[in-house]
Amino acid sequence: DSGVTQTPKHLITATGQRVTLRCSPRSGDLSVYWYQQSLDQGLQFLIQYYNGEERAKGNILERFSAQQFPDLHSELNLSSLELGDSALYFCASSRGVGYEQYFGPGTRLTVT
Amino acid sequence: AQTVTQSQPEMSVQEAETVTLSCTYDTSESDYYLFWYKQPPSRQMILVIRQEAYKQQNATENRFSVNFQKAAKSFSLKISDSQLGDAAMYFCAYRRADDMRFGAGTRLTVKP
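As a convention, each chain's residues are numbered from 1 in the sequence order in which they are written. Starting at A for chains and at 1 for ligands, labels are handed out in the order in which the entities are written. Where totals are concerned, whole chains, interfaces and linings use all residues; where local detail is concerned, this predicted model gives features only for residues with pLDDT of at least 70, and gives and counts side-chain atom pairs only at 80 or more. Side-chain numbers here rest on the full set of heavy atoms in the structure, without hydrogens or water.

*Asks:* Teacher, can you tell me more about the overall build of chain B here?
*Replies:* The helix count covers DSSP runs of H or I at least four residues long, the strand count covers runs of E at least two residues long, and both are numbered beginning at the N terminus. Assigned secondary structure in chain B consists of zero helices and twelve strands. When the helices and strands of chain B are read in sequence order from the N terminus, they spell out β-β-β-β-β-β-β-β-β-β-β-β. Only the C-alpha atoms count toward the radius of gyration. The rule for a globule is 2.2 Å times the residue count to the power 0.38. By the compact-globule yardstick of 13 Å for 112 residues, chain B fits well, its C-alpha radius of gyration being 13 Å. With respect to the principal axes defined by its C-alpha atoms, chain B has extents near 40 × 25 × 20 Å. Note on exposure labels: buried denotes an accessible area under 20% of the residue type's maximum, exposed denotes more than 50%, and partly exposed covers the range between, all computed with a 1.4 Å probe on protein chains only. For chain B, with 112 residues in total, the buried portion stands at 48%. Residue contacts are defined here by distance: any two heavy atoms, one from each residue, within 4.5 Å place the two residues in contact. Contacts spanning at least 24 positions in sequence make up 54% of the contacts within chain B whose residues lie at least 6 apart. Roughly 5,400 Å² of accessible area belongs to chain B as shown, and the carbon and sulfur atoms make up 45% of that amount. Charge centroids of chain B, computed over 13 positive and 12 negative side chains, lie 2 Å from each other. Method for areas: the Shrake-Rupley scheme with a 1.4 Å probe, in which residue coverage is limited to the protein chains shown. Residues counted as positive are Lys and Arg, residues counted as negative are Asp and Glu, and His and the chain ends are not counted. For the purpose of locating charges, the reference atoms are NZ of Lys, CZ of Arg, CG of Asp and CD of Glu.

The following block contains the structure:
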């Protein structure tokens with residue numbers, strides 16, 4: 001158990017809908033990262049937050065947005081969902097720059 | 001841009017034998033971190049080992065060790081005494097400040 005929690009574990013929704021994925025980092029970790037992993041693919045970095053502020057952006061679509069709250073939990077919002085958005089979405093946390101990232105169990109999103 | 005290359009999409013090893021997974025990366029920086037992550041069928045991302053670029057000594061974690069060749073920009077993972085539970089996807093990762101990149105992964109099969 002990495003100490004990073006993600007909810008829900010599974011999510012099935014229809015095209016055009018909007019969903020919110022939630023992540024709670026390990027105790028003491030200020031950085032939160034979001035990744036997307038499509039079937040049999042590598043990890044695509046989406047976005048990073050550090051202590052409530054957006055720190056880095058990767059290949060995140062405009063339909064996707066995220067935020068980190070004062071209690072350091074983070075939410076990833078996915079809207080106008082398409083079939084191609086079906087993937088495993090990971091959240092990871094770390095103490096800060098240079099520290100290793102610990103991953104949550106992921107949320108499996110299926111768009112039908 | 002920093003890229004991480006894992007040239008072996010699939011590898012196979014006999015139980016109790018040793019296997020080496022390759023990783024090369026491209027960077028113009030001198031200070032960075034390298035990681036190997038394991039992703040078993042459960043899809044959980046598990047940190048296996050970490051190497052700081054400023055350290056010449058290769059990192060070791062029980063049966064897992066790395067061969068870090070900074071000049072060659074090479075970071076291979078050696079798994080000794082392979083066990084059935086080592087079967088997984090292995091991802092090499094590079095981190096410099098807030099930039100973290102993953103390789104495409106190597107799928108390791110362990111034969112009994």
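*Asks:* Quick question: what am I supposed to make of the environment of Met 89 of chain B here?
*Replies:* Residue and element names in this part refer to chain B. Mapped onto the secondary structure, Met 89 falls in strand 10 (residues 88–96). For Met 89, a relative accessible area of 14% translates into the label buried. Setting aside residues up to four positions removed in sequence, Met 89 forms contacts with Tyr 37, Lys 38, Gln 39, Ala 104, Gly 105, Thr 106 and Arg 107.

*Asks:* How should the nonpolar core be read in this particular structure?
*Replies:* One recurring pattern in soluble globular proteins: nonpolar side chains tend to sit buried together. The set of buried Ala, Val, Leu, Ile, Met, Phe, Trp, Tyr and Cys residues whose side-chain atoms join them within 4.5 Å is what this entry labels a nonpolar core. Within the largest apolar cluster, 25 residues are counted, with the highest numbers of intra-cluster contacts made by Tyr 25, Trp 36, Phe 75, Leu 77 and Tyr 90 of chain B. Here the element with the most residues in this core is strand 10 of chain B; it accounts for four residues. The contacts of Tyr 90 of chain B, once residues within four sequence positions are left out, are Gln 6, Leu 21, Trp 36, Tyr 37, Lys 38, Val 48, Phe 64, Leu 77, Ile 79, Gly 105, Thr 106 and Leu 108 of chain B. Ranked by size, the runner-up nonpolar core spans 21 residues in total, among them Val 32, Ile 47, Ile 60 and Leu 109 of chain A.

*Asks:* When you look at the layout of surface pockets in this model, what are you seeing that I'm missing?
*Replies:* Rolled over the atoms, a probe with the dimensions of a water molecule shows which regions are left empty. Each pocket or cavity is described by its volume, and for the largest pocket that value is around 430 Å³. Points on a 1 Å grid over protein atoms alone make up a cavity when a 1.4 Å probe fits among them but cannot get out, and a pocket when they form an open set with protein on both sides within 12 Å along at least five of seven lines; lining residues each have an atom within 4 Å of a point. The wall of the largest pocket is formed by 25 residues, among which Gly 42, Leu 43 and Gln 44 of chain A together with Phe 102 and Gly 103 of chain B lie closest to the centre. Looking at the lining of the largest pocket, the elements with two or more residues in it are strand 5 (44–50) and strand 6 (53–57) of chain A together with strand 1 (3–5) and strand 11 (99–102) of chain B. Its residues assigned to classes, the lining of the largest pocket comprises nine nonpolar, nine polar and seven charged. Grid points are joined across faces, edges and corners, and a volume is the space filled by probe spheres set on the points. Just so you know the grouping, Ala, Val, Leu, Ile, Met, Phe, Trp, Tyr, Cys and Pro go in nonpolar, Asp, Glu, Lys and Arg go in charged, and all remaining residues, Gly too, go in polar.

*Asks:* Whenever I open this one, the packing of aromatic side chains confuses me. Can you help?
*Replies:* The relative placement of two aromatic rings is captured by the distance of their centres and the angle of their planes. Whether two aromatic rings pair depends on their centres lying within 6.5 Å, for rings of Phe, Tyr and Trp, where Trp uses its six-membered ring; planes under 30 degrees apart make the pair stacked, over 60 edge-to-face, and the rest tilted. Summed over all chains, the structure comprises 14 aromatic pairs over all chains. On the numbers, 6.5 Å between centres and 75° between planes, the contact of Phe 64 of chain A with Tyr 89 of chain A is edge-to-face. Of the two residues, Phe 64 of chain A sits in strand 7 (residues 64–68) while Tyr 89 of chain A sits in strand 9 (residues 87–94), which places them 25 residues apart along the sequence. Judged on exposure class, the residue Phe 64 of chain A and its partner Tyr 89 of chain A are both buried. Here Trp 36 of chain B and Phe 75 of chain B contribute two aromatic rings whose centre-to-centre distance is 6.2 Å and whose plane-to-plane angle is 25°, an arrangement assigned as stacked. Placement of Trp 36 of chain B in strand 5 (residues 33–39) and of Phe 75 of chain B in strand 9 (residues 74–79) is noted, with a sequence separation of 39 residues between them. By way of ring pairs, the aromatic residues Tyr 35, Phe 45, Phe 90 and Phe 103 of chain A together with Phe 35, Tyr 37 and Phe 102 of chain B are connected into one cluster. Above the face of the Tyr 50 of chain A ring, Arg 55 of chain A is positioned so that its terminal group lies 5.2 Å from the ring centre. Note on geometry: a ring has a charge over it if NZ (lysine) or CZ (arginine) is within 6 Å of the ring centre and within 35 degrees of the ring normal.

*Asks:* Explain unusual backbone geometry here, please?
*Replies:* Across residues other than glycine, the phi torsion is negative in most instances, and most of the peptide bonds are trans. That bond from Thr 7 of chain A to Pro 8 of chain A is cis: its omega, -10°, falls within 30 degrees of zero. Looking at the secondary structure, you find Pro 8 of chain A in the loop between strand 1 (5–7) and strand 2 (10–13). Phi angles above zero are rare outside glycine, and Leu 72 of chain A is one such case at about 80°. Its place among the elements puts Leu 72 of chain A in the loop between strand 7 and strand 8 (74–78). Assessed through its relative accessible area of 16%, Leu 72 of chain A is described here as buried. The backbone of Lys 73 of chain B shows a phi angle near 55°, a positive value even though the residue is not glycine. Take Lys 73 of chain B: it is sitting in the loop between strand 8 (64–69) and strand 9. Taking the relative accessible area as the measure of exposure, Lys 73 of chain B reaches 28% and is therefore partly exposed.

So, to be careful, I would describe these as geometric facts and stop short of saying anything about function.
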